[in-house]
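Observations on chain architecture
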Amino acid sequence: MKIVHQLLIAILITIFYSCAKQKVFTEKDIQIIPKPAELQLSEGSFEFSENTKFVVANDFQKEISKALINKFEMAAGWKPEISDVAPKSNYVQFNVDDTLKDEAYQLTVNNDNITITAKDNAGFIYGLETIRQLLPAAIESEIIVSNIEWVIPTLVIKDQPRFQYRGLMLDVSRHFFNVDYVKKTIDRLAMLKMNVLHLHLVDDQGWRIEIKKYPKLTEVGAYRNGTIVGHFPGTENNNKIEEGYYTQEEIKDIVVYATKRNVTIIPEIELPGHSSAAIAAYPYLSCFPEEPTTVPHNMMSKTSKELQEKGQVKVVQESWGVFKDIYCAGKEDTFTFLEDVLSEVLPLFPSKYIHIGGDEAIKPHWEICPNCQKRIKEEGLKDEHELQSYFIKRIENFVNSKGKKIIGWDEILEGGLAPQATVMSWRGTKGGIEAAEQGHDVIMTPGTHCYFDHCQGPENEEPLSIGGYLPISKVYQFDPVVETMSPEEAKHVLGGQANLWSEYIPTTEQSEYMIFPRLAAMAEALWSPKGSRDWNDFSSRLETIFKRYDYLGTNYAKSAYLITSKVTVDLDKKAIYISLKNEFPNSDIRYVLGDKPIDETATKYTDSIKLNETTIVKASLFKNNKPVGKVFTDTIKFHNAVAHKVEYLTPYNDSYKGAGDFGMVNTIRGTKNTHDGQWQAWLVDDMGVIIDLDEKQTIQQVTVGSIESQGYGIYFPTAIKVYVSEDGSAYKEVGNVDCPLEINPNAELKDFKINFKPVKAKFVKVIATNLKTTPIGDNAWLFVDEILVN
């Protein structure tokens, strides 16, 4: 009896601890990106252990199982087994269902087994990737992590992509990224169920793929003798060789690696423009082989100058932009060359597509080239735009003859679209809409939502980049289907793509920084049902993927945590109201005014902060009652003109309205991001404003805030004059400053202070003179964010 009693106690204790160990999951614990189409959670869980079996029916299932098994070996210290026979319990199995759609999968997790059902290998890959994201983030660790329960909830997921094309473009021409980094990027794509890696292999600044028939393409074209320093046009040339290319064997290796992860590699061979590197290798491809390559603003490297002095007039371009030396459309040799190149490239890539560029092909050479003009006449073409269409259609015919199709940037619409071409719309969505209306397939990649070379936080807080502003929350808003499209037109939208141009991205670390975490938002925009889109929900799931990136060593940006401000003006109260936020809803933001430290005593931000005197505002995101991330600091400078009426003698440009009619006197300064809502701008015109101070005041200084970013045609004023008046009719000049032009490749903020003897005035007139024409002949912009009167 005593033995039975002890046995009963032991059983009860075992049951108790078993129940205590059983983890209870809620929907908040499901942190999958992209969000599955359907998910039904139930009570219970499945625990992985060294006794778990992966039951496989073929070599592919075995290989993809090993990927997850290897993660357990590194992170948990034990290794599940692979078997071809299912045990009674504790196993993962694969089931084929031909009724499911391409890439779709169904994941069924029970207490004692897991079943992944799919039509194809892609579905099995994505089922395992979902299991991976159901597991603790520590599964990504490369060292053993203790005290982790390798448990996932019992559930049923039915999932499939919304779009068939879910891509990332990696520019390996401007800066070359090695094979290991490309493979690492492929792994990250698969993790997020992205299925295309578009490699931009050639451009003006580098040819990055071996072509055996034309060895100089890599002997010459893969070596750039220098690169401009800083923003275009550059302060100098760094005179450092930028080199690198992929051998054909390396390309084959990348393609095999990608195929095993359901990632299609699409190569891009740019034509007819962006061809300086090819022309440097084979000058006869140019309309004018004897014309030397020039680098804007005389920023050519010493080595290239020496080569030109020795007779090698064509060199790989060392600056950024668009160049007139493009493939000659009038020479048969050009088409022979391109067909030979494509004959080597196409067999390396099993993709049904090849990207042929087609963008930014400026045509001043074609306009004066005898061969091109002869071609226009012989083919009965109207102009150079139709000559480009001829060029693209001829290449398309060749590509089609090899069983492939072309993709081109939306410029290929100009002059008439090639019959079977797919359009990649980057200049907004207009090109995509036009192509869909004509019955062509479309891949949407508008710069507004898809250009990952743009800053993802305030520009003054980000590394050097091409500029622009694309926060992760805006990426998440992307929808490849435009509302105005008919259902029939929408069927032609294959999907979308993020683009990372690498002019200002010299390292793999910075490349990762620009891609992640924005790629997670792009993945969900392209995979998940539109109806499930919810920024609040998505942003909460980002926290978990950040932990995974930490384990993986991914250099992701934390810009979403950065605090930004928005200001409104109360004209009657002569006060401003400053609002604070970051990209995460319901963030714990706290602030202090003045010189107080940011600590646990800081005030919790709940509503806009009213200010009516010069004040320092500091704010930070808090977690666990401690400040985290970069501290936001802004000095709000009140001056005599704050919230006073401003009359514009010359209207500001509609593209840059700033904060409206009181934007010049709202105390809020602009950043290096000229789209931050604080800048007003004038194209060619001078800026002229009159500020009404309401009553006579004694003043002795006027400060004009401006920005210069010469690569974008934005220049400081060449002169500023200040006038005052007591009645608004008779004005007298009290001060001025001249601002001589200096070449500056970097974006720079500057306050121009005009000091003068104290004077009483009710009206202040400020005239800032626009440069009007840039050194390269373009129209000049003048930007102003604030006029301070003291």
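Conventions used here
Residues numbered from 1 in each chain as written. Predicted model: local features only at pLDDT ≥ 70, side-chain atom pairs only at ≥ 80, totals over all residues. Heavy atoms only, no water. Phe/Tyr/Trp six-rings, centres within 6.5 Å; stacked < 30°, edge-to-face > 60°. Helix = DSSP H or I, 4+ residues; strand = E, 2+ residues; numbered from the N terminus. Buried < 20%, exposed > 50% of the residue type's maximum accessible area, 1.4 Å probe, protein only. Lys NZ or Arg CZ within 6 Å of the ring centre and 35° of its normal. Core = buried A, V, L, I, M, F, W, Y, C linked by side-chain atoms within 4.5 Å. Contact = heavy atoms within 4.5 Å. Pairing = 2+ DSSP bridges. Axes fitted to C-alpha atoms, helices over the stretch in contact; angles between N-to-C directions. Salt bridge = Lys/Arg side-chain N within 4 Å of Asp/Glu carboxyl O. pLDDT = per-residue confidence, 0-100. Patch = residues over 30% accessible without salt bridge, like charges linked within 9 Å, V, L, I, M, F, W, Y side chains within 5 Å. Areas by Shrake-Rupley, 256 points an atom, 1.4 Å probe, with all protein chains shown as cover. Arc of directions from axis to C-beta.

**Regarding the packing of aromatic side chains**
Enumeration according to the criterion identifies 36 aromatic pairs in this entry. Here the aromatic rings of W409 and W501 are separated by 5.6 Å at their centres, their planes lie at 50°, and the arrangement is tilted. Of the two residues, W409 sits in strand β16 (residues 405–409) while W501 sits in the loop between β21 (493–500) and α17 (508–515), which places them 92 residues apart along the sequence. W409 gets classed as buried once you look at its relative accessible area, which sits at 0%. According to the relative accessible area criterion, W501 is buried, its value standing at 9%. Joined through ring pairs, the aromatic side chains of F46, F48, F54, F72, W78 and W150 make up one cluster. The ring centre of F335 lies 4.1 Å from the NZ or CZ of R394, which sits over that ring. Seen from the ring of Y556, K558 lies directly overhead, with NZ or CZ sitting 4.4 Å from the centre.

**Remarks on the nonpolar core**
By size, the foremost hydrophobic cluster in this structure holds 119 residues, and its most contacted members are L197, W207, I209, L217, I265, F337 and L519. Every residue in contact with F337, bar those within four places of it in the chain, is listed here: Y214, L217, A278, Y282, Y284, L285 and Y327. Judged by nonpolar contacts, the second largest core, of 38 residues, contains F72, L128, L135 and I157.

**With respect to the sheet that holds strand β23 (residues 575–581)**
Spatially, β22-β23-β26 is the arrangement adopted by the three strands of the open sheet, whose pairing is antiparallel. Strands with a single pairing partner mark the edges of an open sheet, and in this sheet they are β22 (564–570) and β26 (609–611). Here the strands of the sheet are splayed against their neighbours by 25° on average, with no regard to which way each runs. The sheet contact formed by β22 and β23 spans seven bridges and is antiparallel. Each residue of the ladder has a partner; that of K566, found in β23, is S579.

**Observations concerning the pattern of salt bridges**
In total, this model carries 39 salt bridges according to the counting rule given. The partner of D410 in a salt bridge is R427, and the shortest N-O contact between them spans 2.6 Å. Of this pair, D410 sits in the loop between β16 and β17 (422–425) while R427 is found in the loop between β17 and α13 (430–437), placing the two residues 17 residues apart along the sequence. By relative accessible area, R427 is classed as partly exposed at 43%. Overlapping salt bridges, with partners in common, bring together K71, E129, R132, E140 and R548 in one network.

**Topic: the confidence of the model for the protein**
For the protein, the mean per-residue pLDDT works out to 93, and 97% of the residues sit at or above 70. Confidence drops under pLDDT 50 across residues 6–20; counting only partners more than four residues distant or on other chains, this segment forms zero contacts.

**Here we look at the side chain of Q510**
Of note, Q510 is situated in helix α17. Dropping the residues within four chain positions of it, Q510 is found in contact with P463, L464, Y504 and I505.

**Comments concerning a nonpolar patch on the surface**
A cluster of nonpolar side chains, contributed by Y223, I241 and Y245, occupies part of the molecular surface with about 260 Å² of accessible area. With respect to the element layout, I241 can be found in the loop between β12 (223–224) and β13 (242–243).

**Let's talk about helix α11 (residues 370–378)**
All buried positions along α11 are accounted for by C372, R375 and I376. Angularly, the buried residues of α11 cover 100° about the axis, an arc narrow enough to put them on a single face. Residues of α11 that are exposed and point more than 90 degrees away from the buried face comprise P370, K374, K377 and E378. In this fold, the buried residues of α11 make contact with α9 (332–345), α10 (364–368) and α12 (384–401). Immediately beyond the C-terminal end of α11, within one or two residues, lies G380, with a positive phi of roughly 65°.

**Thoughts on the pairing of β16**
Among the five residues that make up β16, four are buried, leaving the element largely enclosed by the rest of the structure. Examined bridge by bridge, strand β15 (residues 353–357) and β16 share three bridges and lie parallel to one another. Counterpart to I354 in the pairing with β16 is I406. Where β16 lies against β17, three bridges are found, and the strand directions are parallel. Bridging across to β17, I407 finds its partner in T422.

**A closer look at unusual backbone geometry**
Of note, the bond from I33 into P34 is cis; its omega dihedral lies within 30 degrees of zero at 0°. By the element assignment, P34 lies in the loop between α1 (2–21) and β1 (38–47). Of the consecutive residues L271 and P272, the connecting peptide bond is found in the cis state with omega at -5°. For P272, the location among the structural elements is in the loop between β14 (264–271) and α7 (276–281). Even without a glycine there, the phi angle at K193 is positive, about 65°. Tracing the backbone shows K193 in the loop between α4 (179–191) and β9 (196–200). Relative accessible area serves as the criterion here: at 0%, K193 is assigned to the buried category.

**Focus on the environment of A190**
Of note, A190 is situated in helix α4. In the structure, A190 is positioned 79 residues away from I269 in sequence and 25 Å away in space, judged by C-alpha atoms. Beyond its immediate sequence surroundings of up to four residues, A190 is in contact with Y126, E129 and R261.

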